[in-house]
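Report on the structure
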Amino acid sequence: MARSSSGIVAGLTAAALVAIGFLGYQASATAPAHPPKAVAQEPAPAPSQAAVKQDPAKPVPVPEGSGTGVRVVYAVGQKRVWLVGDPAQEPKSFPVVPSTVHPKAGSYTVTSRSGSVTGSDGVPIEHVVRFASAQGVVVGFSARLDGTTPEPDPNKKTGGIRMSRADGDAMWAFATINAKVVVVP
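These numbers come from a predicted model, not from an experiment.

Basis of the calculations
- Residues numbered from 1 in each chain as written.
- Predicted model: local features only at pLDDT ≥ 70, side-chain atom pairs only at ≥ 80, totals over all residues.
- Heavy atoms only, no water.
- Helix = DSSP H or I, 4+ residues; strand = E, 2+ residues; numbered from the N terminus.
- Buried < 20%, exposed > 50% of the residue type's maximum accessible area, 1.4 Å probe, protein only.
- Contact = heavy atoms within 4.5 Å.
- Areas by Shrake-Rupley, 256 points an atom, 1.4 Å probe, with all protein chains shown as cover.
- Phe/Tyr/Trp six-rings, centres within 6.5 Å; stacked < 30°, edge-to-face > 60°.
- Lys NZ or Arg CZ within 6 Å of the ring centre and 35° of its normal.
- Arc of directions from axis to C-beta.
- Salt bridge = Lys/Arg side-chain N within 4 Å of Asp/Glu carboxyl O.
- Pairing = 2+ DSSP bridges.
- Axes fitted to C-alpha atoms, helices over the stretch in contact; angles between N-to-C directions.

A separate point is the overall build of the protein chain. On a plain count of helices and strands, the protein chain comes out with 2 helices and 9 strands. The order of α-helices and β-strands along the protein chain, N terminus first, is α-β-β-β-β-β-β-β-β-α-β. The proportion of buried residues among the 185 residues of the protein chain is 31%. Contacts in the protein chain between residues far apart in sequence, at least 24 positions, make up 51% of those at least 6 positions apart. Carbon and sulfur atoms make up 60% of the accessible area of the protein chain, which totals about 12,000 Å².

Structural data, given as structure tokens:
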């Protein structure tokens, strides 16, 4: 029986080699004569500046040219405020909704504050911090009591730079009378 087992194994091995050879021939017969060359992919285009969004985990840097020391920085174009205090701590920064009247770029001081009043747009507001006037309108930071921050009516001259109530609380605690406010474009 030993002879017949070895004959079977030899036969199976030969059949397997024939099958592998046939499959190899078939594969080569159907392959293209000139395989395509690898095409280098072009890198994806870099996102435009407008498409790049600020990583919420990273702080928004204080604008260059906004001075030094303890100050409030208001960037009109960025629609953002920074409360710059202790140099060892990251400044608090938050978005705002600008008024329809903007102060010129420069350095100002907080001239008056009110706990709660009615804004120039007729809306109840709190934590009003006034620092400038432009076009006959007093300009300052405030928060609406209803907590909303809609865009102001572009047909009215308003000076209220609006923020959330929580950010209004932070502004109120930070920007006392004579505090420095720097406005940048």
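This part covers the packing of aromatic side chains. Scanning the entire structure with this criterion turns up 3 aromatic pairs. Relative to Phe141, the ring of Tyr74 has its centre 5.8 Å away and its plane inclined at 85 degrees; by these criteria the two rings are edge-to-face. Taken together, the positions of Tyr74 in strand β1 (residues 71-75) and Phe141 in strand β7 (residues 137-144) put the pair 67 residues apart, joining distant regions of the chain. With a centroid separation of 4.9 Å and an interplanar angle of 20 degrees, the aromatic rings of Phe131 and Phe141 are classed as stacked. Of this pair, Phe131 sits in strand β6 (residues 124-134) while Phe141 sits in strand β7, and the two are 10 residues apart along the sequence. Using a relative accessible area of 3% as the deciding quantity, one classes Phe131 as buried. Phe141 sits in the buried class, given a relative accessible area of 0%. Through a chain of ring-to-ring contacts, the aromatic side chains of Tyr74, Tyr108, Phe131 and Phe141 assemble into a single cluster. If you follow Arg113 out to its NZ or CZ, it ends over the ring of Trp172, 3.7 Å from the centre.

Another aspect to go through is helix α2 (residues 165-174). All of the buried residues along α2 are Asp167, Gly168 and Met171. Angular distribution of buried residues about the axis of α2 spans 105 degrees; they occupy a single face of the element. In α2, the exposed positions that point more than 90 degrees away from the buried face belong to Ala166 and Ala173.

Quick look at the pattern of salt bridges now. Under the criterion given, the structure shown has 4 salt bridges. In this structure, Asp121 engages Arg162 in a salt bridge whose closest nitrogen and oxygen atoms are separated by 3.1 Å. One end of the pair, Asp121, is in the loop between β5 (112-118) and β6; the other, Arg162, is in strand β8 (residues 160-163), with 41 residues separating them in the sequence. Residue class for Asp121 comes out partly exposed when judged on its relative accessible area of 30%.

This part covers the sheet that holds β6. An order of β5-β6-β7-β8 is seen for the 4 strands of this open sheet, with the pairing classed as mixed. Of all the strands in the sheet, just β5 and β8 have a single pairing partner and so form its edges. Averaged over all pairs of adjacent strands, the angle between strand axes in this sheet comes to 30 degrees, irrespective of strand direction. Where β7 meets β8, 4 bridges bridge the pair, whose relative direction is parallel. Residue pairing in the sheet places Gly140 in a bridge with Gly160 of β8. On top of the sheet, α2 reaches β5, β6, β7 and β8; it is set at about 55 degrees to β6, its chief contact.

The subject of this paragraph is the sheet that holds strand β9 (residues 180-184). Taken together, 5 strands build an open sheet; the order of strands is β3-β2-β1-β9-β4 and the sheet is mixed. Here the strands that pair on one side only, and so sit at the sheet edges, are β3 (92-95) and β4 (106-109). Shown here is a sheet whose adjacent strand axes are inclined to one another by a mean of 20 degrees, direction ignored. Judged from the 4 bridges that link them, β1 and β9 form a sheet pairing that is parallel. Opposite Val72, over in β9, you have Val181 as the bridge partner.

We now examine the environment of Val60. Looking at the element boundaries, Val60 is found in the loop between α1 (2-30) and β1. Measuring from C-alpha to C-alpha, the distance between Val60 and Trp82 comes to 8.9 Å, with 22 residues separating the pair along the chain.

Remember that the coordinates give geometry; whether it matters functionally is a separate question.
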